[in-house]
Amino acid sequence: MRTIKNKFCIFMSLSCIIIGVLCGIYINQQPTNSNLENNNLLKHQKILSNLEEFILILKNNLKVCLMLLLGSLTFGLSTFYILFFNGLSIPILLSNVKLIDIVAYVIPHAIFEFSGFIIVGAAGFKIPYEIVQYLRDKKEKPITEEDIKEFLKLAGVSIVLIIIAAFIEVYITPEVANYLLT
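Residues numbered from 1 in each chain as written. Predicted model: local features only at pLDDT ≥ 70, side-chain atom pairs only at ≥ 80, totals over all residues. Heavy atoms only, no water.

**Some words on the overall build of the chain**
Inference 1: Check the secondary structure of the chain and you find seven helices and zero strands.
Inference 2: Reading the chain from its N end, one meets helices and strands in the order α-α-α-α-α-α-α.
Inference 3: The proportion of buried residues among the 182 residues of the chain is 41%.
Inference 4: Carbon and sulfur atoms form 68% of the exposed surface of the chain, whose accessible area is close to 10,900 Å². (Helix = DSSP H or I, 4+ residues; strand = E, 2+ residues; numbered from the N terminus. Buried < 20%, exposed > 50% of the residue type's maximum accessible area, 1.4 Å probe, protein only. Areas by Shrake-Rupley, 256 points an atom, 1.4 Å probe, with all protein chains shown as cover.)

**Some remarks on the packing of aromatic side chains**
Inference 1: Overall, the coordinates contain six aromatic pairs when judged by the stated rule.
Inference 2: Here Phe54 and Tyr171 contribute two aromatic rings whose centre-to-centre distance is 6.4 Å and whose plane-to-plane angle is 45 degrees, an arrangement assigned as tilted. Note that Phe54 is positioned in helix 3 (residues 50–70) and Tyr171 in helix 7 (residues 145–181), a separation of 117 residues in sequence.
Inference 3: Seen from their ring centres, Phe167 and Tyr171 are 4.9 Å apart, and the 35 degrees between their planes marks the pair as tilted. Here Phe167 and its partner Tyr171 are both found in helix 7, four residues apart, which amounts to about one turn of the helix.
Inference 4: Grouping aromatic residues by their ring pairs yields a cluster made of Phe80, Tyr81, Phe84 and Phe85. (Phe/Tyr/Trp six-rings, centres within 6.5 Å; stacked < 30°, edge-to-face > 60°.)

**Digging into the side chain of Lys126**
Inference 1: Note on placement: Lys126 falls in helix 6 (residues 107–135).
Inference 2: Look at Lys126 and you get buried, because its relative accessible area is 0%.
Inference 3: In terms of polar contacts, Lys126 uses its side chain to reach the side chain of Glu130, at 2.6 Å. (Polar contact = N/O pair within 3.5 Å; in protein donor to acceptor, adjacent residues only side chain to side chain.)

**Remarks on the pattern of salt bridges**
Inference 1: One pass over the structure, following the stated rule, counts five salt bridges.
Inference 2: The shortest N-O distance in the salt bridge between Glu150 and Lys126 comes to 3.0 Å. With a gap of 24 residues between them, Glu150 in helix 7 and Lys126 in helix 6 connect regions that are remote in the sequence. For the residue pair Glu150 and Lys126, the accessibility class agrees, reading buried in each case.
Inference 3: Across the pair Lys139 and Asp147 runs a salt bridge, and its minimum N-O distance is 2.4 Å. (Salt bridge = Lys/Arg side-chain N within 4 Å of Asp/Glu carboxyl O.)

**Re the confidence of the model for the chain**
Inference 1: Across the chain, the average pLDDT comes to 87, with 87% of residues at or above 70.
Inference 2: Least confident of the elements in the chain is helix 2 (residues 39–42), whose mean pLDDT is 47; most confident is helix 6, at 94.
Inference 3: Scored below 50 in pLDDT, residues 33–42 makes 18 contacts in the model with residues more than four places away or belonging to other chains. (pLDDT = per-residue confidence, 0-100. Contact = heavy atoms within 4.5 Å.)

**Brief notes about the side chain of Ser158**
Inference 1: If you trace the backbone, Ser158 turns up in helix 7.
Inference 2: Overall, the relative accessible area of 0% leaves Ser158 in the buried class.
Inference 3: From its side chain, Ser158 meets the backbone oxygen of Ala155 in a polar contact 2.7 Å long.
Inference 4: In contact with Ser158, not counting residues within four places along its chain, are Gly116, Ile119 and Val120.

**A short note on the packing of helix 3 against helix 6**
Inference 1: Across the interface, helix 3 lies against helix 6 with an axial gap of 8 Å and an inter-helix angle of 25 degrees. Relative to helix 6, the element helix 3 is oriented roughly parallel. Residues Asn61, Val64, Cys65, Leu68 and Leu69 of helix 3 touch helix 6, and the partners they reach there are Glu113, Phe117, Val120, Gly121, Ala123 and Gly124.
Inference 2: Residues that form the contact of helix 3 with helix 6 fall into these classes: seven nonpolar, three polar and one charged. (Axes fitted to C-alpha atoms, helices over the stretch in contact; angles between N-to-C directions. Parallel < 35°, antiparallel > 145°, perpendicular 65-115°, else oblique. Nonpolar A, V, L, I, M, F, W, Y, C, P; charged D, E, K, R; others polar.)

**What to know about the nonpolar core**
Inference 1: Leu68, Leu69, Leu83, Phe117 and Val120 are the most contacted members of the largest nonpolar core, which has 28 residues in total.
Inference 2: Elements with a contribution of two residues or more to this core: helix 1 (2–28), helix 3, helix 4 (77–93), helix 6 and helix 7.
Inference 3: In terms of residues, this core owes the most to one element, helix 6, which gives nine residues.
Inference 4: Aside from chain neighbours lying at most four places away, what touches Leu83 is Ser13, Cys16, Ile17, Leu68, Phe117, Gly121 and Phe125. (Core = buried A, V, L, I, M, F, W, Y, C linked by side-chain atoms within 4.5 Å.)

See below:
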């Protein structure tokens, strides 16, 4: 039964991102007056040291993780909002970028980053899900010790994935991009 609960929460998290991506694709297909050149969004400028860049990226992504976790306090609404708008931004930001640039600059770390966000989003939906189950008389207590342990496990796994993603983005992605683009 526990794995079914987590699968449902992961499904909810992934669905929010997918709905956002689909809306982003739709919005991006609409005519605009913007001539924004997105290719420069993916190019790394070496203004910061690798360690400073790592800390900056990690700090920003951990803030997103914290906001997704705190979505439990808003009954999952802020978790939905954050995941949806992150999904929405993906096709818009990458719309004018060449496929090779996406492969070189995004894919190496995005695999871990998006997995981390999906899992932490599931954690953000976990507590509201358990409360709904309680209200539907499917369980005796709204939040059990096991529910809290699962919430913390999801949060912990996602944080590890976010740390790995930041490391890859700073230390490995530039090497992959250099190899693929030269």
